[in-house]
Each structure stands twice: as structure tokens, then as C-alpha cells.
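What follows is each chain in one-letter form.
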Amino acid sequence: MPLFQYKAIDASGKFISGSLDAGNANDLELRLEKMDMDLVTFKQKEPGADLFGRNKIGRRDLINFAFYLEQLTRAGVPILEGLADLRDGEENPTFRDVITGLIEAIEGGNSFSQALALYPKIFDSVFVSLVKVGERSGRMNLVLVDIVETLKWQDELLAKARKIMMYPAVIGTLVLTVILFMMIFVVPDIMDAIVGLGGKIPIETRVLMATSNFLAGYWYIVLATPFAVFFVLSYFYKTSSKARFKLDGMMLKMPILGPVNEKIKISRFTRYFSLMFASGITVLDAISLSKAVVANAVLEDGIDRAWQQISEGSSISEAFKNIGIFPPLVVRMLRVGESSGQMDKSLDNVSYFFDRDINDTIEKLEPVLQTSLMGTIGIIVLWLALSVLGPIYDTIATIDF
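Note that the structure is predicted; figures quoted are calculated from it, not measured.

J.: Any details on the overall build of the protein? Residues and values, ideally.
T.: Helix and strand counts for the protein come out as 15 helices and three strands. At 29 Å, the protein has a C-alpha radius of gyration far larger than the 21 Å of a compact globule built from 401 residues. In terms of principal-axis extent, the alpha carbons of the protein reach across some 100 × 65 × 35 Å. Every one of the 401 residues in the protein was classed for burial, and the buried ones make up 36%.

Below is the structure:
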């Protein structure tokens, strides 16, 4: 259904703005009437956030949603009543409208999982599948606990990564800005003065002069190139399966960051695989659904090949060993899970080991990045100093006082 942005008046006469899914304008008006609001104006818009990302539904919103819903279901509150309580207390108007849509879908005869599936950009296939398992098994509160823990783990991991990258990004941007300013506006005057001295110009100074002349003449190309490369790669990544496969493979092979990225994706896969297996989903269905969280074409291709081998009768451990992508630890724990009949616990051990290894690596990465940044800045400053002061010193040394 299309998403409409509306302005309405509530029972107290207060203007309310928000967004809501509806089949058409009449459907929108009827839905607002159920919320004790009268429609004033509306327009259709794309689902998600506004121009500046306000009211965006993020992972924190999903964590709070699953947590409070788990608390309510644990206390015996029916899903509909729990969703109504969440809607009334939700501050994000976009998410409040989504919860309203969930309530209306359930009242219209859909199950909770079917209602969630109406919003695929917010609730992914894994989220919906786990809720469906909770409905079938009658263990909704336990499934919601697992969802909350998984979302928290992802959020904490991303927070650590952002924290580590923030300092190098800010300092690097400032230093590059200063260097570009010097190259374009300061260095040319200095180079003219050095040439006027008439002395011999060393190779490092000639390189600096050429670099400065290029930046002064084509600075707009230098600034536009990173953005152009990003958009071109993004376009081919979205439109070409071959390009996506190659780029994802390069991401896994990047120095330092590549192994961390691979462990994060494998940890997510084993975590969801374990969660679904423990919830009663068949192995093949669990693998298919868990593949969605990997978000890497190379790993997805390997999982597809493993799925095919398992469907043809191979054991889980042998199938993942044959594809040659997953580390030996994963294969070993899969074999242990098969022999012991505790596949979910074996996969949890893999996730635990990788999570600890990822946290240790990320913590060690911060000083490495800072040291590399300082070293790079030092080399650039040394080059500038030698290029400018070297010819001046040589010229002064030839003067007979």
C-alpha cells in the first residue's frame, strides 16, 4: 500500500502530522477516524524518513519495540493490546503510524507475522520468520528475547565501529583540507620564490610543484572524483550481479578490515541459524532465511551451494567444508553439533568466539588507525618541509658572505 503524509486534527483540536499506509484517500480518512482524528491535508510519499532523516525507524526503535512487546507478552497481555500500548507511547510519528498499521492488519484477520510482513523495509524476513516460529510454537516471548539480544549485539558492534572511525575521519578530513589549501594558495607563491633564487631544484620540489599546479588547476576534479567513484560503484553494485560479486569479494580481502568484516557476517549467520534451528525451523529453511543477514554475494553464493549439497543428502558439516569459504572452526563446530544433536549450542559457541574475536580486533584497530594516520601526516609534512626548505638551504649555502 502507498504511504501518505497527512495533517489531521485530533479530538482536542490539536494539529497532528504523520504518515500512514492506506489504499487511497478514502481509506486514509477512515483509518484516521479510527484514531479519533479528522483529515485536513495529505500527500503520497515514499516510506522511510524525510529529507533530513528525521523520524527514521532505526535499530534502536526495533530494539525497544521487541523489548516492550516481550515484556507485555510475558505478562500475558494479548498482542493487540500490547501493540496499542506501544502505539500510544511511541514518540517517533513514523513508527507510531507503522504500529497503527500493524493493529489494523491484525484486526482485519492477519496474524502478527503477516502484519509485520507488510512492512519489509522495517521488519526483514528473518524478523518475520522468527515471529512466525513464536506463533507456531507458543513461545513468542522467548523468540522476542532472542530478537532483542541479536539487535542489541548488532547495535553495540556498529557503535564501536563508528567510535573508532570517528577520530581518524575527523582528523584526516581537517589535515587534507589544510594540505589542499596550502597546495592551491600557498605553495605556488613559495615555488615562484624558490625558482627566482636560481638554484638547482631537487626532484621532491619538482614533484611538489607539479602536484600544486595540478591541484590549483583541477581542484574540482580532485574533490568530485571520490563522490563520482562512490556513485558509479554503487550503481553497478545495485544493477549488476557480477559487479556486486566482485566488490563483495574485494571487501572480504581488504587488509585488516576484510577479516573483521567476514567474521561479523559469519557470526550473524551462525547466530540466526542457531536461533531458527532452536525454534524448530528445518535446517534447509533456516539456512535459506539466515542467508539474508549475510549481505555479501560471495558468502551468499557459498551458502546456496551448501544448501544444494545438503538438499541432495550431504551432511551439514561436509557441505560447508566443501564450499571452502567458512573457517575451519565453523565446520568443526557444525560437525560437533551433528554428532551431539545440539546444533544450536554448537553454533552459539561459534558466535561467541567470533564476537569476542571481533571485539578484541576492533579495540586493537583504534591505535593502529591512529598510528597510521599520524605516520601519513608526518610523511606529508616531511615532504613539504624538504621540498620547500631544501632548495632554500642549498641556495643560501652557495652564497659567499
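J.: Which residues make up the packing of helix H3 (residues 79–89) against helix H4 (residues 93–107), and what are the values?
T.: One can describe the packing of H3 onto H4 by two numbers: an axis separation of 9 Å at closest approach and a directional angle of 160 degrees. When the axes of H3 and H4 are compared, the pair comes out roughly antiparallel. Judged by the twist between their axes, the crossing of H3 over H4 is left-handed. For the pair H3 and H4, contact is made by Ile-79, Leu-80, Leu-83, Ala-84, Leu-86 and Arg-87 and by Arg-96, Ile-99, Thr-100, Leu-102, Ile-103, Ile-106 and Glu-107, respectively.

J.: Please give an account of the nonpolar core that cites residues and values.
T.: In terms of nonpolar packing, the biggest core is built from 61 residues, with Phe-65, Leu-83, Phe-112, Phe-123, Ile-147 and Phe-320 touching the most fellow members. Top element by residues in this core is H4. It accounts for seven residues. Not counting residues within four places of it along the chain, the set of residues in contact with Phe-123 comprises Leu-62, Phe-65, Phe-95, Val-98, Leu-102, Leu-116 and Val-128. Membership of the second largest hydrophobic core comes to twelve residues, among which are Leu-208, Ile-377, Leu-384 and Val-388.

J.: Help me get a handle on the pattern of salt bridges, residues and values and all.
T.: A complete count under the given rule lists nine salt bridges for this structure. Taking the shortest distance from any N to any O, the salt bridge between Arg-244 and Asp-248 comes out at 3.9 Å. Of this pair, Arg-244 and Asp-248 both sit in helix H9 (residues 241–253), four residues apart, roughly one helical turn. Given the relative accessible area of 4%, Asp-248 is considered buried. Of the charged contacts in the structure, one is a salt bridge between Glu-300 and Arg-244, with a shortest N-O distance of 3.5 Å. Linking Glu-300 in helix H12 (residues 297–311) with Arg-244 in helix H9, this pair joins segments that are 56 residues apart in sequence.

J.: Which residues make up the packing of aromatic side chains, and what are the values?
T.: The tally for this structure, following the rule as stated, stands at 15 aromatic pairs. Plain terms: the ring middles of Phe-65 and Phe-95 are 5.5 Å apart, the flat faces sit at 55 degrees to each other, and that makes the pair tilted. Within this pair, whereas Phe-65 is found in helix H2 (residues 59–74), its partner Phe-95 is found in helix H4, the two being separated by 30 residues in sequence. Taken as a pair, Phe-65 and Phe-95 share a single burial class, namely buried. Residues Phe-123 and Phe-127 carry aromatic rings whose centres are separated by 5.2 Å and whose planes lie at 55 degrees to one another, so their mutual orientation is tilted.

J.: I'd like to hear about a negative patch on the surface, residue by residue, with values.
T.: Where like charges cluster on the molecular surface, the negative patch consists of Asp-146, Glu-149, Glu-156 and Asp-348. The biggest single contributor to the negative patch is helix H7 (residues 140–196), with three residues. Inspection of the secondary structure puts Asp-146 in helix H7. Residue class for Asp-146 comes out partly exposed when judged on its relative accessible area of 31%.

J.: Lay out the environment of Gly-324 with the relevant residues and their values.
T.: Turning to its location among the elements, Gly-324 is positioned in the loop between helix H13 (316–323) and helix H14 (328–340). Spatially, the C-alpha atoms of Gly-324 and Leu-208 are 48 Å apart, while their sequence positions differ by 116 residues.

J.: Account for the packing of helix H11 (residues 283–290) against H12, naming residues and giving values.
T.: Running from amino to carboxyl end, H11 crosses H12 at an angle of 170 degrees, the nearest separation of the two axes being 10 Å. Between H11 and H12, the interaxial angle falls into the category roughly antiparallel. Contacts from Leu-284, Ile-287 and Ser-288 in H11 reach Ile-303, Trp-307, Ile-310 and Ser-311 in H12. Here the contact of H11 with H12 is built from residues that sort into five nonpolar, two polar and no charged.

J.: Could you give me a rundown of helix H10 (residues 257–278), with the residues and numbers involved?
T.: Its 22 residues give H10 an end-to-end C-alpha distance of 32 Å, which sits within 8% of 32 Å, the value for a rise of 1.5 Å per residue. Following H10 by one or two positions, Gly-280 adopts a phi angle in the positive range, close to 100 degrees.

J.: Could you give an account of H13, with specific residues and numbers?
T.: Regarding H13, the residues found buried are Ile-316, Ser-317, Ala-319, Phe-320 and Ile-323. Down the axis, H13 shows its buried residues gathered within 165 degrees of arc, on one side only. Directly after H13, the chain includes Gly-324, whose backbone phi takes a positive value near 70 degrees.

J.: For the environment of Gln-308, give the residues involved together with the corresponding values.
T.: With respect to the element layout, Gln-308 can be found in helix H12. Classification of Gln-308 by relative accessible area gives partly exposed; the value is 38%. Note: C-alpha distance between Gln-308 and Ala-319 (eleven residues apart in sequence) is 8.5 Å. Here Glu-312 takes part through its side chain, which lies 2.9 Å from a polar atom of the side chain of Gln-308.

Calculation rules
- Residues numbered from 1 in each chain as written.
- Predicted model: local features only at pLDDT ≥ 70, side-chain atom pairs only at ≥ 80, totals over all residues.
- Heavy atoms only, no water.
- Helix = DSSP H or I, 4+ residues; strand = E, 2+ residues; numbered from the N terminus.
- Rg over C-alpha atoms; globule rule 2.2 N^0.38 Å.
- Buried < 20%, exposed > 50% of the residue type's maximum accessible area, 1.4 Å probe, protein only.
- Axes fitted to C-alpha atoms, helices over the stretch in contact; angles between N-to-C directions.
- Parallel < 35°, antiparallel > 145°, perpendicular 65-115°, else oblique.
- Left-handed = near helix turned anticlockwise from the far one by under 90°.
- Contact = heavy atoms within 4.5 Å.
- Core = buried A, V, L, I, M, F, W, Y, C linked by side-chain atoms within 4.5 Å.
- Salt bridge = Lys/Arg side-chain N within 4 Å of Asp/Glu carboxyl O.
- Phe/Tyr/Trp six-rings, centres within 6.5 Å; stacked < 30°, edge-to-face > 60°.
- Patch = residues over 30% accessible without salt bridge, like charges linked within 9 Å, V, L, I, M, F, W, Y side chains within 5 Å.
- Areas by Shrake-Rupley, 256 points an atom, 1.4 Å probe, with all protein chains shown as cover.
- Lys, Arg positive; Asp, Glu negative; His and termini not counted.
- Charge placed at Lys NZ, Arg CZ, Asp CG, Glu CD.
- Nonpolar A, V, L, I, M, F, W, Y, C, P; charged D, E, K, R; others polar.
- Expected span 1.5 Å × (residues − 1).
- Arc of directions from axis to C-beta.
- Polar contact = N/O pair within 3.5 Å; in protein donor to acceptor, adjacent residues only side chain to side chain.

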